[in-house]
Amino acid sequence: MPFFDKTSKTSIITNPNCYLGSNIPGKSIEKSFGLITQVAKGINGNINDKMEEMMDSFFNKAVEIGADAVINLKFENGSYQQNGSGWVVSYLMIYGEAVLTKSAN
């Protein structure tokens, strides 16, 4: 699993700017930029590669709007049948709150 692989460059374990909770040790939140998302549907093939690609894009979005961290990070995935056609579509969604932090005093 790439998100828990310590050799992965976008691992949520080794990425110092990604937090599953709403608190960041040693820092306080100075500004919230709101919810950011990254969605992929119609996933087939190697989902690990797609997840790595999505995490890169997700963090690039956060940096572009001025954030230096993402809190309350969530992953969601599943499948649904598109318009009753018999085709099953798989999706993966990443979302979280982009924030600007400062050192806590």
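Cut-offs applied
- Residues numbered from 1 in each chain as written.
- Predicted model: local features only at pLDDT ≥ 70, side-chain atom pairs only at ≥ 80, totals over all residues.
- Heavy atoms only, no water.
- Helix = DSSP H or I, 4+ residues; strand = E, 2+ residues; numbered from the N terminus.
- Buried < 20%, exposed > 50% of the residue type's maximum accessible area, 1.4 Å probe, protein only.
- Contact = heavy atoms within 4.5 Å.
- Areas by Shrake-Rupley, 256 points an atom, 1.4 Å probe, with all protein chains shown as cover.
- Pairing = 2+ DSSP bridges.
- Axes fitted to C-alpha atoms, helices over the stretch in contact; angles between N-to-C directions.
- Phe/Tyr/Trp six-rings, centres within 6.5 Å; stacked < 30°, edge-to-face > 60°.

1. Notes on the overall build of the protein chain
Then step 1. Helices and strands together make up the secondary structure of the protein chain, namely one helix and three strands.
Then step 2. For the protein chain, the N- to C-terminal ordering of α and β elements is β-α-β-β.
Then step 3. Burial statistics for the protein chain: of 105 residues in total, 30% are counted as buried.
Then step 4. Considering only contacts within the protein chain whose residues lie at least 6 apart along the sequence, 68% involve residues at least 24 apart.
Then step 5. Total accessible area computed for the protein chain in this model is approximately 6,600 Å², and 50% of it derives from carbon and sulfur atoms.

2. Side note on the sheet that holds strand S2 (residues 69-81)
Then step 1. Read across the sheet, three strands follow the order S1-S3-S2 without closing on themselves; strand pairing throughout is antiparallel. Each of the sheet's edge strands pairs with one partner strand only, and the pair in question is strand S1 (27-41) and S2. Adjacent strand axes in the sheet meet at a mean angle of 10° when their direction is disregarded.
Then step 2. Lying over the sheet, helix H1 (residues 47-64) contacts S1, S2 and strand S3 (88-103), oriented at roughly 140° with respect to S1.

3. Points about the packing of aromatic side chains
Then step 1. Scanning the model with the defined rule gives one aromatic pair in all.
Then step 2. Aromatic side chains Phe-58 and Phe-59 sit 5.4 Å apart centroid to centroid with 80° between the ring planes, which places their arrangement in the edge-to-face category.
Then step 3. Accessibility expressed as a relative area gives 12% for Phe-59, which makes it buried.

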